[in-house]
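These are the residues of each chain, in order.
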Amino acid sequence: MIELKHIVKTFNDGKDKDVHAVKDVTLDIKDGEIFGIIGFSGAGKSTLVRCINLLERPTSGEVFIDGKNITKLPEKELRAERKKIGMIFQHFNLMPSRTVFGNVAFPLKGSGLSKEQIAAKVHKLLSLVELSDKENAYPSELSGGQKQRVAIARALANDPKILLSDEATSALDPQTTGQILKLLKELNKELGITIVVITHEMDVIKQICNRVAVMEHGEVVECGDVFNIFANPQHELTKAFIKTTSNLSKVEDMLRDGVPGITPGPGEVLARLSYVQRDVSEPLITTTARKFDLDLNIELADVEIVGGAPIGGTVVIFHGDSQKIDEAIRYLRDKNVGVEVIRDARA
């Protein structure tokens, strides 16, 4: 559905210095998938997403939408293509002087539809985002989550094939964020719409995306299936993002703070076990403890569903014969369990 080929975007900062916001990015986004682009502030992700609908025209490179090179289109044809791409933003961008109905109806101005047809469409969209009872309200009377639902309905008014979400949940509380992400997932399933999610929160990626690209300094440093990225991150930035979503990363802080029960005693090994394949189902900790005659005490656990499969792991303390501990660690690694020794208290 979307192909970005060697996209470069360079700005001049007004002081005769070029700022390279996007550097030679090539991506393909499949029809009907939810694709995430994540990076810290200044990574270039928002600039890149604005290149998809040419709100920012790339300095060089090509953008293909559904097989059509829109970077080569004359302005009139480009405007028509842009109608196929809806967009929602962090701050909603609603018109305060218009009702909810008026905001959603606005993109249909000049569409050739009759007033009755526009009204029917707006009512359908408001029903879709569960705001039918708010059509006569003004934005100032709505919560943040309701405003974003209006913005989503407005973005869907022209029946787009693509929805771009630029930090659309950043201004919302965690509960409302979850509701909006659930709505986007339902719209993707019901309408088959391709969604591109720009965010700086790995938790957002984890909840709804099929694939993700990680950006740093204008470049894509890692890209792939969300499960595989979480299970086996390659780039240090990706690892840092993933740590923000897992309780298992807290163990180092707990060790430093001397939290009781976490520090291994003499002869013990504290390790983080990470499940790095989709089909981990056997009770590995119990099996390992019995097989090698060891005590494995679970100190922390964090397992959840990502990309339709369980992922996560545990922090455990190995207690028993030193050689058997080494054998158990090798056994777990042979079973495709990531084993990271955090502290080895053996003499």
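Preceding block: the structure.
Presented here is a report on the structure given in the accompanying data block. (Residues numbered from 1 in each chain as written. Predicted model: local features only at pLDDT ≥ 70, side-chain atom pairs only at ≥ 80, totals over all residues. Heavy atoms only, no water.)

Within the chain, the regular secondary structure consists of twelve helices and 14 strands. Taken over the C-alpha atoms alone, the chain extends approximately 80 × 50 × 35 Å along its principal axes. Counting all 347 residues of the chain, 47% fall into the buried class. A fraction of 68% describes how many contacts in the chain between residues 6 or more apart in sequence connect residues 24 or more apart. Summed over its atoms, the accessible surface of the chain is roughly 17100 Å², and 48% of this surface lies on carbon and sulfur atoms. Each charge class in the chain can be summarised by its mean position, and for the 45 positive and 49 negative side chains these summaries are 6 Å apart. (Helix = DSSP H or I, 4+ residues; strand = E, 2+ residues; numbered from the N terminus. Buried < 20%, exposed > 50% of the residue type's maximum accessible area, 1.4 Å probe, protein only. Contact = heavy atoms within 4.5 Å. Areas by Shrake-Rupley, 256 points an atom, 1.4 Å probe, with all protein chains shown as cover. Lys, Arg positive; Asp, Glu negative; His and termini not counted. Charge placed at Lys NZ, Arg CZ, Asp CG, Glu CD.)

Per the counting criterion, the structure on display carries 20 salt bridges. Note that Arg211 and Glu33 form a salt bridge whose closest N and O atoms lie 2.6 Å from each other. Here Glu33 lies in the loop between strand E2 (18-29) and strand E3 (34-38) and Arg211 lies in strand E9 (residues 211-216), a separation of 178 residues in the sequence. Take Arg211 and Glu33: they sit in the same class, and that class is buried. (Salt bridge = Lys/Arg side-chain N within 4 Å of Asp/Glu carboxyl O.)

Time to look at the pairing of strand E11 (residues 269-275). Most of E11 is tucked away: six of the seven residues are buried. For E11 and strand E13 (residues 309-319), the ladder comprises seven bridges, and the chain directions are antiparallel. Note that in E13 the partner of Leu273 across the bridge is Thr314. In this sheet, strand E14 (residues 337-344) lies alongside E11 in antiparallel orientation, the contact comprising seven bridges. Across the sheet, Tyr275 pairs through a bridge with Val337, a residue of E14. (Pairing = 2+ DSSP bridges.)

Let's shift gears to the sheet that holds E2. Strand pairing in a sheet is mediated by backbone hydrogen bonds. Such pairs are either parallel or antiparallel. Spatial ordering of the open sheet is given by E2-E1-E4-E5, a layout of four strands whose pairing is antiparallel. Of all the strands in the sheet, just E2 and strand E5 (68-69) have a single pairing partner and so form its edges. Here helix H1 (residues 45-52) sits on the sheet and contacts strand E1 (2-12), E2 and strand E4 (60-65); the angle it forms with E1, its principal contact strand, is near 120°. (Axes fitted to C-alpha atoms, helices over the stretch in contact; angles between N-to-C directions.)

With 53 residues, the main nonpolar core has Ile88, Ile152, Leu184 and Met202 as its most contacted residues. Ignoring anything within four residues of it in the chain, the contact list for Ile88 reads Gln148, Ala151, Ile152, Ala155, Leu163, Leu164, Ser165, Asp166, Ala168 and Leu184. Counting 30 residues, the second-largest nonpolar core is a separate cluster that includes Phe35, Leu73, Met87 and Leu164. (Core = buried A, V, L, I, M, F, W, Y, C linked by side-chain atoms within 4.5 Å.)

All right, on to unusual backbone geometry then. The phi angle at Asp66 is positive, at roughly 50°, despite the residue not being glycine. Despite not being glycine, His217 has its phi angle at roughly 50°, a positive value. Take His217: it is sitting in the loop between E9 and strand E10 (219-225).

Residue position: Pro310 is located in strand E13. Residue class for Pro310 comes out partly exposed when judged on its relative accessible area of 34%. Between the alpha carbons of Pro310 and Phe227 there is a distance of 8.9 Å; along the sequence they are 83 residues apart.

Throughout the structure, instances matching the rule amount to one cavity of 30 Å³ or more. Taken as a whole, the largest cavity holds about 50 Å³ of empty space. For the largest cavity, the full set of lining residues is Ser165, Glu167, Ala168, Thr169, Ser170, Leu181, Leu184, Val197, Ile198, Thr199 and Val204. Within the residue set of the lining of the largest cavity, elements represented by two or more residues are helix H6 (174-191) and strand E8 (194-199). Counting residues per element, the lining of the largest cavity draws most heavily on E8, which supplies three residues. Looking at the lining of the largest cavity residue by residue, the class counts come to six nonpolar, four polar and one charged. (1 Å grid on protein atoms, 1.4 Å probe; cavity = no way out; pocket = protein on both sides within 12 Å on 5 of 7 lines; lining within 4 Å. Points joined across faces, edges and corners; volume = space filled by probe spheres on them. Nonpolar A, V, L, I, M, F, W, Y, C, P; charged D, E, K, R; others polar.)

Here the focus is the sheet that holds E14. Spatially, E12-E13-E11-E14 is the arrangement adopted by the four strands of the open sheet, whose pairing is antiparallel. A single partner strand is all that each edge strand has here, and the edge strands are strand E12 (295-306) and E14. When the angles between neighbouring strand axes are averaged without regard to direction, this sheet yields 15°. As paired elements, E12 and E13 share eleven bridges and run antiparallel to each other. Bridged to Asp302 within E13 is Gly313. Across the face of the sheet, helix H11 (residues 284-291) comes into contact with E11, E12, E13 and E14 while running at roughly 155° to E12.

Looking at the secondary structure, you find Arg272 in strand E11. Dropping the residues within four chain positions of it, Arg272 is found in contact with Leu248, Ser249, Val251, Glu252, Thr314, Val315, Gly338, Val339, Glu340 and Ile342.

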